[in-house]
Amino acid sequence: MEPTAELLFYVNGRKVIEKNVDPETMLLPYLRKKLRLTGTKYGCGTGGCGACTVMISRYTPTTKRISHHAANACLIPICSLYGASVTTIEGIGSTKTRIHPVQERIAKCHGTQCGFCTPGMVMSIYTLLRNHPEPSLEQIMEALGGNLCRCTGYRPIIDACKTFCKTSGCCQSKENGVCCLDQGINELTEFEEGNKTSTKLFSEEEFLPLDPTQELIFPPELMIMAEKQPQRTRIFVGDRMTWISPTTLTELLEVKFNYPQAPVVMGNTSVGPEMKFKGVFHPVIISPAGIEELNFATCSHNELTLGAGLSLTQVKYILGEVIQNLPEEKTRMYQALLKHLRTLAGSQIRNMASLGGHIVSRHLDSDLNPLLAVGNCTLNLLSKKGKRQVPLNEEFLRRCPSADLKPEEILISVNIPHSRKWEFVSGFRQAQRQQNALAIVNSGMRVFFGEGDGIIRELCISYGGVGPTTVCAKNSCQKLIGRPWNEEMLDAACRLVLDEVTLPGSAPGGRVEFKRTLIISFLFKFYLEVLQFLKRMDPAHSPSLADKDASALEDLHSRHHSSTLKYQSVDSKQLPQDPIGHPIMHLSGIKHATGEAIYCDDMPTVDQELFLSFVTSSRAHAKIVSIDLSEALSLPGVVDIVTEEHLRGVNSFSIFTNPEELLRTEEVSCVGQLVCAVIAESEVQAKRAAERVKVVYEDLQPLILTIEEAIQHSSFFEPERKLEYGNVDEAFKGVDQILEGEIHMGGQEHFYMETQSMLVVPKGEDQEIDVYVSTQYPKYIQDIVASTLKLPANKVMCHVKRVGGAFGGKIFKTGILAAITAFAANKHGRAVRCVLERGEDMLITGGRHPYLGKYKAGFMNDGRIVALDMEHYSNGGASLDESLIVIEMGLLKMENAYKFPNLRCRAWACKTNGPSNTALRGFGFPQVGLITESCITEVAARCGLAPEKVRTINMYKEIDQTPYKQEINAKNLIQCWKECMAKSSYTLRKAAVEKFNSKNYWKKKGLAVVPLKFPIGLGSITLSQAAALVHIYLDGSVLVTHGGIELGQGVHTKMIQVVSRELRMPMSNIHLRGTSTETVPNTNSSGGSVVADVNGLAVKDACQTLLKRLEPIISKNPQGTWKDWAQAAFDESISLSATGYFRGYESDMNWETGEGHPFHYFVYGAACSEVEIDCLTGAHKNIRTDIVMDIGYSINPALDIGQIEGAFIQGVGLYTIEELQYSPQGVLHTRGPNQYKIPAVCDIPTELHISFLPPSESSNTLYSSKGLGESGLFLGCSVFFAIHDAVNAARRERGLSGPLKLNSPLTPEKIRMACEDKFTKMIPRDKPGSYIPWNVPL
Ligand SMILES: Cc1cc2nc3c(=O)[nH]c(=O)nc-3n(C[C@H](O)[C@H](O)[C@H](O)COP(=O)(O)OP(=O)(O)OC[C@H]3O[C@@H](n4cnc5c(N)ncnc54)[C@H](O)[C@@H]3O)c2cc1C
Ligand code: FES
Ligand code: FES
């Protein structure tokens, strides 16, 4: 067969003809690099984040229909696009032409922060609107299910999308048939509202209407091509791979016969990731294109036949229709499949993945195969030799040669029999996150009874997630045939299944006891469902479901999404032009939404640019015996490999006082350390060569991974820190009770959506070098690069336009990466780019410190804690980084909102062979706060008091003193607490929760409220100094620069608001280009909640200097314009440029005496959360959260609310689902969104209410505002304690007394295992030490 001359498809209405197509190229790099359409972002490369979402449209000549679907460009091979039309974010609207209503609304509703996820979000909604111009809220939630955002907390995105719903503004609740707006549910006010509040952050009236006629039309050429052009096999030949796309079934069979080993790529969602991450390579790929025989559905009187080429979305629709049209009894299998299809992956993956690909891949966690396997389904196979049928049974799933496809065979379709009268089918799954997460265990179950006799005639049970593929409990089922459906049968079934479906203690994926429990918990659910079914079928002879058990079958309750926001309106006396206090949209909002905002890797390629890829250590503690570079160096395109030898003399840089090595060549002390760096002409070449670098290691002892191991080996970074107040030892003598406990808290990955990225450009003159980098700390990058290149700092300029999320993770590690990249660039005199893949980023950069908190509390029976002795151990990892400052801040913030009259707390940063952990939003506070709150919760339990009571009793009273003897006025803390209790109707809802719990044995609700006192300040005046530079040009326009970095928090927007107020000019007159060490030198790191505070004071200072200079000119011509004044000043030789400076907040802390004034002010708040848990599966639902915050005078309520809710959701992730897993050898298992689950749109509380205290007093901060970047994160632990409350309720009902020890994150596994019952008792337990676990908690 002749290769096809060219690949033809359309992008944004323009024809693309690719003559030399490489079949290995995916659409995402093609768009970004080749077509320079950089609006589509790389977030993970694995289909898990949605940042790369585009719309794919196709025309089908037989139906004459055009279909549009959202898809992940990172998994679409370009060869699969022949004849398709691709729409990217650039294609739907731009600031240069016309912005699309979706783009406008997501920006104006404040749905963007860093903006990196925004193009993907917009494309998901845009595609939904193309198919459903007036979508329901359910459709919106479904469309957003495959898109992750790390900044916003999703609420504003949902609000923006809701404006397209027909019933916009309404929750669309069907409960009682009444909408939330009429139920008064948001007006549970036990508390007087302050006046002068606003509730709207945007005005719907100004939105452009959605006009479907304005959309890009499907290219007529592609329609004609599809109609007229003879369809024949297309072949594209690359260097290493050949792509064959047969267009008829006969051709497909012929090609498969000729290339039996070649995979049949449909959605590429299984083959793609396998090739990328598992080293699988296919020289030939067969990809059927539009073959009708694979894309059909027929429904006969006894079965449904689905073509193997149908996408999972199409299968979903077809099942929906079939269920509507057939009698209920025939549809039970279809209902079960449909239920799973709703949560399987995100909508993009469901649009791409095919039924055939799903079945044939036989993934161990496949959601559909366990159901199909119990359903007597058959697979229709075809090859050149003829057709045959094989059952979709255990043998097929185990790939037994006799039951499998032959290499030359194609799966054409699958027959799924209708269910019968006395047959019942159900499916179950539990994942780390409710949606878009592979199941930990899933199951398909089917039973068939004899007519009216309740005797089991057929029983089939299969499980996913418990073996290398779907596992069928065949023998157990066989033994149960002939038995009646009763409790004895259930008991026998559980024991039989546990015997048959066994999991060794060291099973891959870990969570072994949880999986065992789920196996029988699902069985129990099935048992109850069937009982209910039998009762329905034969009410007279079947027993009723016990009242107690009814709740096992209900879904977790939830309302539709609704939110209320309340903030202070600006003073009526404020000038109308003054933007301070107004909810101004993020100034890059529209650019985020149109994809025009430029991030580091969006910068065009520089002439002769090279790419750098790192080789990292695969051992946690080892000597490097040898490094063999020869094979890598011999590969095409490889220019150099930088090793420690090249860096001799400059291979380390001091962070604080401890030197950190850049590259390792002698010894490695954790997995992911940088060993060497390959520089090549292209990214692909650099990556391929990096894989060929051979490093031989010799393991060293000891291997210290966990905090406990570090304690055992006394492996700590120096010095130990201590804080002491009162007389602890003495105080213990007078208390009623003493308790000792501990809590472990896992780490957290930053998961900024933009991975570490940099481009270093040597200028070729005077040794100047420009570093474009995604960092929070340009001055540090400048220093480390200058030191590595042995250059003075004035030769190295670092530029940051914006950062796609950072959260503390783009400071020191970024510096190391940049230093090596700069070294390579300097050495070769060529620009070098380095962009980490998600997996590399997660492996290399570390994250939040895991903590172990030990406490001894002495308290009175009324709940007063009189003495507290605590120990904090953080897992610092292999190098110091910021670990010491994290434990210091942890100590200074550990008491949260409480006055402990006698307190001792000591803290150690453990030195381990884990990744070097670093700053992450909250900087130690989220960990230590949780430890303190856990201790309080336990004290409450011991006293028999409600936790909120013990919290109130121990809270700071108005004027008080912290443990380090800083004065504090906690009036607003108490106010927040009271308002939160009132606004959440705590007392009423507590009673409602108790009532619910008393009626529901298997579902429990929990409610918890936590206070917040978050100290603001960096502990040193030097670290909070800031500078700014303001120029006024002769046309009256202003350019402002300052030392802060735009990380998504909107600091540049706030700075422009500041200039606007100070110079009394409209914001449109003011511009901000980005941050650079060239304009503002010696800046501090952007972090610690103070970026807008301190830089704003510097900007204000610069503006005031200018105003002072210009005052005489302005007063001479008060009616003049800025243009007039600037010209007049110029004519009088008055400088129109000024620097501004802020010295920093006075602060000090003496660790010798334990006294000081480290903080400038405190942010206060409180949050109340309600959850519901499923005691049988460990699932939980965040039902409602109320947050009250004291934020002073808000500069921009939209941005401030965004910071609070975004941080809150990040906290919810930290405390509930984000779980890093490491092997016992210290290798990180969780290296992408498919393994590590950050909150998705399904995780936000369905009801969210945020309100601010009216500002009470002026302060010397920027316009009396407060910094809010971090504080809200801790409030996420209200969800942790609400779950704790629910678990406690379950345990109490089960007669389990004694303290409840729950570590963080409170995952489904921990919830389920804590709700002990007969099933948790039934499972086999492995003796600790008798097996090597798959993962260890660091
Ligand atoms: C981000 C992400 C999330 C996911 N989440 C889930 C989830 O929650 N639950 C779940 O169950 N699954 C999940 N999956 C897995 C997904 O369901 C499968 O990858 C998908 O169904 C495979 O279909 P495909 O068309 O993309 O297969 P492809 O990758 O195109 O092909 C897979 C295999 O099937 C073979 N094949 C395909 N069609 C035929 C045919 N007609 N005849 C013979 N052989 C054929 C190919 O040769 C190949 O070996 C997820 C995947 C991703 C990437
Ligand atoms: S980059 Fe494609 S889904 Fe994440
Ligand atoms: S705005 Fe969504 S990831 Fe930053």
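About the thresholds
Residues numbered from 1 in each chain as written. Chains lettered and ligands numbered in written order. Predicted model: local features only at pLDDT ≥ 70, side-chain atom pairs only at ≥ 80, totals over all residues. Heavy atoms only, no water. Helix = DSSP H or I, 4+ residues; strand = E, 2+ residues; numbered from the N terminus. Polar contact = N/O pair within 3.5 Å; in protein donor to acceptor, adjacent residues only side chain to side chain. Contact = heavy atoms within 4.5 Å. Salt bridge = Lys/Arg side-chain N within 4 Å of Asp/Glu carboxyl O. Buried < 20%, exposed > 50% of the residue type's maximum accessible area, 1.4 Å probe, protein only. UniProt positions renumbered as here; feature names shortened; annotations may be inferred. 1 Å grid on protein atoms, 1.4 Å probe; cavity = no way out; pocket = protein on both sides within 12 Å on 5 of 7 lines; lining within 4 Å. Points joined across faces, edges and corners; volume = space filled by probe spheres on them. Nonpolar A, V, L, I, M, F, W, Y, C, P; charged D, E, K, R; others polar. Phe/Tyr/Trp six-rings, centres within 6.5 Å; stacked < 30°, edge-to-face > 60°. Pairing = 2+ DSSP bridges. Axes fitted to C-alpha atoms, helices over the stretch in contact; angles between N-to-C directions. Patch = residues over 30% accessible without salt bridge, like charges linked within 9 Å, V, L, I, M, F, W, Y side chains within 5 Å. Areas by Shrake-Rupley, 256 points an atom, 1.4 Å probe, with all protein chains shown as cover. Lys, Arg positive; Asp, Glu negative; His and termini not counted. Charge placed at Lys NZ, Arg CZ, Asp CG, Glu CD. Near = heavy atom within 4 Å.

## Remarks on the side chain of Arg-516
Assignment of secondary structure puts Arg-516 in helix 19 (residues 512-537). From its side chain, Arg-516 meets the backbone oxygen of Pro-1324 in a polar contact 2.7 Å long. In this structure Arg-516 touches Leu-498, Leu-503, Pro-504, Gly-505, Ile-1323, Pro-1324, Arg-1325 and Asp-1326, once residues within four positions along its chain are discounted.

## A short note on the pattern of salt bridges
Scanning the model with the defined rule gives 84 salt bridges in all. Here Asp-453 and Arg-457 are joined by a salt bridge, their closest N and O atoms 2.5 Å apart. Residue classification places Asp-453 among the partly exposed residues on the basis of a relative accessible area of 35%. For Asp-1200, the salt bridge is made with Lys-1054, and the minimal N-O distance between the two is 2.8 Å. Residue Asp-1200 is found in helix 37 (residues 1197-1217), and its partner Lys-1054 is found in helix 34 (residues 1051-1063); the two are separated by 146 residues along the sequence. An identical accessibility class is assigned to Asp-1200 and Lys-1054; each is buried. When salt bridges that share partners are traced, they join Arg-32, Lys-33, Lys-41, Asp-601, Asp-602, Glu-609 and Arg-833 into one network.

## Quick notes on the UniProt feature "binding site: FAD" (unreviewed entry) in the chain
Here the UniProt-annotated "binding site: FAD" (unreviewed entry) positions come out as Val-264, Val-265, Met-266, Gly-267, Asn-268, Thr-269, Ser-270, Val-271, Asp-367, Leu-411 and Arg-429. A maximum C-alpha distance of 28.3 Å among these annotated residues, which run over 166 residues, shows that they spread across the structure rather than meeting at one spot. With respect to the helices and strands, the residue Asn-268 is situated in the loop between helix 9 (249-258) and helix 10 (271-277). A residue is classified by how much of its surface remains accessible, and Asn-268, at 6% relative accessible area, is buried. With residues up to four places along the chain from it excluded, the contact list for Asn-268 reads Met-26, Leu-75, Pro-77 and Pro-273. On the secondary structure map, Thr-269 appears in the loop between helix 9 and helix 10.

## Concerning the UniProt feature "active site" (unreviewed entry) in the chain
Feature annotation in UniProt assigns "active site" (unreviewed entry) to the following positions: Glu-1270. Summarising the element assignment, Glu-1270 is placed in the loop between strand 49 (1247-1252) and helix 38 (1272-1275). Of the residues examined, Glu-1270 reaches a relative accessible area of 10% and is grouped as buried. Apart from residues no more than four positions distant in its own chain, Glu-1270 is found in contact with Arg-921, Gly-922, Phe-923, Phe-1014, Gly-1088, Ser-1089 and Ala-1207. At 2.8 Å, the side chain of Glu-1270 forms a polar contact with the side chain of Ser-1089.

## Re empty space enclosed by the protein
For the coordinates displayed, the defined rule picks out 12 cavities of 30 Å³ or more. Within this model, the largest cavity holds a volume of roughly 190 Å³. Together, 18 residues line the largest cavity, and Glu-660, Gln-673, Leu-674, Lys-813 and Ile-816 are the ones closest to its centre. Those elements giving two or more residues to the lining of the largest cavity turn out to be strand 24 (658-661), helix 27 (812-828) and helix 28 (838-845). Tallied by class, the residues present in the lining of the largest cavity amount to 10 nonpolar, four polar and four charged.

## Points about the packing of aromatic side chains
Following the criterion strictly, the structure yields 33 aromatic pairs and no others. With a centroid separation of 6.0 Å and 35° between ring planes, the pair formed by Phe-424 and Phe-526 is classed as tilted. Of this pair, Phe-424 sits in strand 15 (residues 423-431) while Phe-526 sits in helix 19, and the two are 102 residues apart along the sequence. With centroids separated by 5.1 Å and ring planes inclined at 80°, the aromatic side chains of Trp-1122 and Trp-1125 adopt a geometry described as edge-to-face. With Trp-1122 and Trp-1125 both in helix 36 (residues 1122-1131) and three residues apart, this pair spans about one turn of that helix. With respect to class, Trp-1122 is no different from Trp-1125; both count as buried.

## With respect to the sheet that holds strand 9 (residues 284-286)
Strand order in the open sheet formed by three strands is 7-8-9, with mixed pairing between adjacent strands. Looking at strand neighbours, the two that pair on one side only are strand 7 (234-237) and strand 9, the edges of this open sheet. With direction set aside, neighbouring strand axes in the sheet form an average angle of 15°. Relative to strand 9, strand 8 (residues 242-245) runs parallel, the two being bridged by three bridges. Considered in strand 9, the bridge of Thr-242 is made with Val-284.

## What to know about a negative patch on the surface
Negative charge collects at one region of the surface, where Glu-765, Asp-766, Glu-768 and Glu-1078 lie side by side. As for its placement among the helices and strands, Glu-1078 is situated in the loop between strand 43 (1075-1076) and helix 35 (1091-1116). On the accessibility criterion, Glu-1078 (53% relative accessible area) is exposed.

## A few points about the site of ligand 1
Ligand 1 sits among 33 residues. The nearest are Val-264, Met-266, Thr-269, Ser-354 and Asp-367. Surface burial for ligand 1 is 93%, taken as the share of its 980 Å² of free accessible area covered by protein chains. When residues of the shell around ligand 1 are traced back to their parent elements, those giving at least two are helix 14 (355-361) and strand 14 (410-417). The element that contributes the greatest number of residues to the shell around ligand 1 is helix 14, accounting for five residues.

## Here we look at the environment of Ser-569
Positionally, Ser-569 belongs in the loop between strand 19 (562-568) and helix 21 (589-594). Residues Ser-569 and Tyr-1193, 624 residues apart in the sequence, show an inter-C-alpha distance of 9.9 Å. Apart from residues lying up to four places away in sequence, Ser-569 is in contact with Lys-196, Thr-197 and Ser-198. Among the polar contacts listed, one links the side chain of Ser-569 to the side chain of Ser-198, at a separation of 2.7 Å.

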